Amino acid sequence: NTAKEDLAAALMMMVVQESVVLARAFSLNVEAEFGRAPPVFFVGGFLAGNLTAQQIISRTFRRFKLRPALFLRHADFLGSVGAFGHSLEQDL
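Residues numbered from 1 in each chain as written. Predicted model: local features only at pLDDT ≥ 70, side-chain atom pairs only at ≥ 80, totals over all residues. Heavy atoms only, no water.

Novice: How would you explain the overall build of the chain if you had to name every residue and give the values?
Specialist: Per the secondary structure count, the chain includes three helices and two strands. Ordering the α and β elements of the chain from the N terminus gives α-β-α-β-α. The C-alpha atoms of the chain give a radius of gyration of 16 Å, which is well past the 12 Å a tight globule of 92 residues would have. On the principal axes, the C-alpha backbone points of the chain span a range of 50 × 30 × 20 Å. Classification of the 92 residues of the chain by burial places 21% in the buried group. Within the chain, the 8 negative side-chain charges are centred at a point lying 13 Å from the centre of the 9 positive side-chain charges. (Helix = DSSP H or I, 4+ residues; strand = E, 2+ residues; numbered from the N terminus. Rg over C-alpha atoms; globule rule 2.2 N^0.38 Å. Buried < 20%, exposed > 50% of the residue type's maximum accessible area, 1.4 Å probe, protein only. Lys, Arg positive; Asp, Glu negative; His and termini not counted. Charge placed at Lys NZ, Arg CZ, Asp CG, Glu CD.)

Take a look at the structure:
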């Protein structure tokens, strides 16, 4: 069982750190365009109550010398709202 647990932990670390890498790339692009890095918010069901993932994100943000990562509570539906808004823009 330890091998499965280690594999699951490594996979979670990889997925979470990749989300930080993507957030950093976006932040750097915004900073280059507007002269200031935006705050970065993390939302979603995966992070709700997942303190391990939140700690990995926070620690990785500190290592990258980024502003603190912000976590929204009760925001599981925001991804679907954003996708819906995007689909409306495509229909215009």
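Now, onward.
Novice: Describe the nonpolar core, listing the residues and the values that go with them.
Specialist: Val16, Val20, Ala23, Val40, Phe42, Leu47, Ala53, Ile56, Ile57, Phe61 and Ala69 together form the largest nonpolar core, which totals 11 residues. Of all the secondary-structure elements, those providing two or more residues to this core are helix 1 (2–34) and helix 2 (51–63). Among the elements that line this core, the one with the most residues is helix 2, at four residues. In contact with Phe61, other than residues within four places in its own chain, are Val20, Ala23, Val40, Phe42, Leu66, Arg67, Pro68 and Ala69. (Core = buried A, V, L, I, M, F, W, Y, C linked by side-chain atoms within 4.5 Å. Contact = heavy atoms within 4.5 Å.)

Novice: Could you give an account of the layout of surface pockets, naming the residues involved and the relevant values?
Specialist: Taken as a whole, the largest pocket spans an internal volume of roughly 160 Å³. What lines the largest pocket is a set of 13 residues, among which Leu47, Ala48, Gly49, Leu72 and Arg73 lie closest to the centre. Residue composition of the lining of the largest pocket, by class: seven nonpolar, four polar and two charged. (1 Å grid on protein atoms, 1.4 Å probe; cavity = no way out; pocket = protein on both sides within 12 Å on 5 of 7 lines; lining within 4 Å. Points joined across faces, edges and corners; volume = space filled by probe spheres on them. Nonpolar A, V, L, I, M, F, W, Y, C, P; charged D, E, K, R; others polar.)

Novice: Let's hear about unusual backbone geometry: which residues, and what values?
Specialist: Of note, the phi angle at Lys65 is positive, near 60°, even though the residue is not glycine. Following the sequence through the fold, Lys65 ends up in the loop between helix 2 and strand 2 (70–71).

Novice: I'd like a description of helix 2, backed by residues and values.
Specialist: If you check helix 2, its first and last C-alpha atoms are 18 Å apart, about what 13 residues at 1.5 Å a residue would give, namely 18 Å. Contacts made by the buried residues of helix 2 are with helix 1, strand 1 (41–42) and strand 2. Lys65 lies just past helix 2 and shows a positive phi near 60°. (Expected span 1.5 Å × (residues − 1).)

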